[in-house]
Amino acid sequence: KDLRFCFNHMMREMIGPQGIAEREIEAMADEIGRAARSMDVRRGEMAWRDLPYSQGEAVKEIQSVADRARERFDAFVLLGIGGSALGPLAVHTALEPARYNEIEASRRGGPRVYIEDNIDPERMKALLDAIDIRRTLFYAVSKSGATSETMAQTMIVIQLLREVFPEGIGERVVIATGAEKGNLNAIAKREGCKTFVIPEGVGGRFSELSPVGLLPAAVAGIDVRALLNGAARMDARCSEPDVWKNPAYLGAVLQVLYMKKGRNISVMMPYV
């Protein structure tokens, strides 16, 4: 099902004079058109907007790694910070049961998922106490391959894995990073780790629909092809010139109009 944008309680017809009148939205047609044209012109600068259409080949590899993870491992640990962790966390929280890790394995459909976006040593120790490192797949994510926090986590994990698996750790660490440079690429080559490329022009906070977010989702049993298809449908909706059919335009216009009325605080309450 498509997402619905209900804005009734922002409109004058519903809440009276303090609301927005339809004619106020219609009066912004020229401004909306200019903004839309600007977005079209700049689309080439926003590579993340093409992710719903460009990840077909990557998805095949992602699904293969995810299938292996569900067969061989009890836990999946993402090592990352910022957008590299928040995107996967948002999707996992939205699409999986709230107590996913506590559900018995036969009903869960995938390994337990941990997203470690903090290098606090007590938190890291608590994670290591909760997992069996011999049955855990680690996923190190950093586009630059040099993010201090992620590298610290990764080096700790590699040291621990080497102690348990002196014959090699390549099958127990997966890496997502830039195409060529960075310490993570060097580690991947040295250890024989599977590597996914974070596309050029896609920053961490926009990387959820790249391997950064698609692999954790697939490991947990989320249909990543459906996820990409949904994003493509939303891209089409947000390219619709009619403001009444475009949730992005309409949401922006309502915010602007309310700011002009002196109501410049917006509170998002993401509760089901």
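Engineer: What am I meant to see in the packing of aromatic side chains here?
Structural biologist: All chains considered together, the criterion is met by 4 aromatic pairs. Relative to W244, the ring of F7 has its centre 6.4 Å away and its plane inclined at 35°; by these criteria the two rings are tilted. Here F7, found in the segment before α1 (12-15), pairs with W244, found in the loop between α12 (224-237) and α13 (247-260); they are 237 residues apart in sequence, far enough to count as distant. Given a relative accessible area of 17%, F7 falls into the buried group. Overall, the relative accessible area of 31% leaves W244 in the partly exposed class. Relative to F206, the ring of W48 has its centre 5.2 Å away and its plane inclined at 15°; by these criteria the two rings are stacked. A residue pair is termed long-range when its members are at least 10 positions apart, and W48 in the loop between α3 (29-41) and α4 (51-54) and F206 in the loop between β5 (194-197) and α11 (211-219) qualify at 158 residues. Of the aromatic side chains, those joined through ring pairs into one cluster are F5, F7 and W244.

Engineer: What is the right way to look at the nonpolar core in this model?
Structural biologist: A general trend in soluble globular proteins is that nonpolar side chains are found buried together. Counting residues in hydrophobic clusters, the biggest one holds 35 residues, and the most contacted among them are F76, Y139, F196 and L215. At the level of secondary structure, the elements contributing two or more residues to this core comprise α5 (56-72), β1 (75-79), α6 (83-95), β2 (112-116), β3 (136-141), β4 (173-177), α11 and α12. Not counting chain neighbours up to four residues away, the residues in contact with F196 comprise A58, E61, I62, V65, Y139, V174, I175, A176, T177, P211 and L215. Grouped together as the second largest cluster of nonpolar side chains are 22 residues, A75, L79, V157 and F165 included.

Engineer: Before we go on, may I ask you to explain the pattern of salt bridges in this structure?
Structural biologist: In a structure, side chains of opposite charge can pair up when their charged atoms sit close to one another. Taken as a whole, this structure holds 16 salt bridges when the rule is applied. Notably, a salt bridge pairs E24 with R12, separated by 3.5 Å at the nearest N-O pair. Here R12 lies in helix α1 and E24 lies in helix α2 (residues 22-26), a separation of 12 residues in the sequence. The buried category is assigned to E24, whose relative accessible area is 18%. Using a relative accessible area of 29% as the deciding quantity, one classes R12 as partly exposed. Here the residues in one salt-bridge network are R12, E24 and K261, joined through shared partners.

Engineer: Where do I start with the side chain of H92 in this structure?
Structural biologist: One can find H92 in helix α6. Discounting residues that sit within four places of it in the chain, H92 has contacts with Y100, V113 and A220.

Engineer: Quick question: what am I supposed to make of the packing of helix α9 (residues 148-164) against helix α10 (residues 183-191) here?
Structural biologist: Each pair of packed helices can be described by the angle between their axes along with the distance between the axes. At a minimum axis distance of 12 Å, the contact between α9 and α10 shows a crossing angle of 15°. Considering the angle they form, α9 stands roughly parallel to α10. Between α9 and α10 the crossing geometry is left-handed. Of the residues in α10, those in contact with M151, T154, M155, I158 and R162 of α9 are N183, L184, I187, R190 and E191. Its residues assigned to classes, the contact of α9 with α10 comprises 5 nonpolar, 2 polar and 3 charged.

Engineer: Explain the packing of α5 against α11 here, please?
Structural biologist: For the pair α5 and α11, interaxial distance at closest approach is 8 Å and the crossing angle is 40°. In this view, α5 runs oblique relative to α11, as classed from their interaxial angle. The hand of the α5/α11 crossing is right-handed. Where α5 approaches α11, its residues A58, V59, I62, Q63, V65, A66, A69 and R70 are matched on the opposing element by P211, L214, L215, A218 and V219. Here the residues of the contact of α5 with α11 sort into 11 nonpolar, 1 polar and 1 charged.

Reading guide: rules and limits
- Just so you know, the residues in each chain are numbered from 1, in the order the chain's sequence is written.
- Totals for whole chains, interfaces and linings use every residue, but because this is a predicted model, local features are given only for residues with pLDDT of at least 70 and side-chain atom pairs only at 80 or more, for both listing and counting.
- Side-chain measures were taken over the full set of non-hydrogen atoms in the model, leaving aside hydrogen atoms and water.
- For Phe, Tyr and Trp, where Trp contributes only its six-membered ring, two rings pair if their centres lie within 6.5 Å, and the inter-plane angle classes them as stacked under 30 degrees, edge-to-face over 60, or tilted in between.
- A run of DSSP states H or I qualifies as a helix once it reaches four residues; a run of E qualifies as a strand once it reaches two. Both are numbered from the N-terminal end.
- Buried residues are those whose accessible area, probed at 1.4 Å on protein chains only, stays under 20% of the maximum for their type, while exposed residues exceed 50% and partly exposed ones sit between those limits.
- Buried residues of nine kinds, namely Ala, Val, Leu, Ile, Met, Phe, Trp, Tyr and Cys, make up a nonpolar core once their side-chain atoms join them within 4.5 Å.
- Whether two residues are in contact is decided by their heavy atoms: any pair within 4.5 Å suffices.
- Each reported salt bridge corresponds to a side-chain nitrogen of Lys or Arg within 4 Å of a carboxyl oxygen of Asp or Glu.
- Here the axes come from fitting lines to C-alpha atoms, over the contacting stretch only for helices, and the angles between their N-to-C directions go from 0 to 180 degrees.
- For classification, angles of less than 35 degrees are called roughly parallel, those exceeding 145 degrees roughly antiparallel, those between 65 and 115 degrees roughly perpendicular, and all remaining angles oblique.
- In this scheme the crossing of two helices becomes right-handed for a clockwise turn of the near helix relative to the far one and left-handed for an anticlockwise turn of less than a right angle.
- When residue character is reported, Ala, Val, Leu, Ile, Met, Phe, Trp, Tyr, Cys and Pro are called nonpolar, Asp, Glu, Lys and Arg charged, and the others, Gly included, polar.

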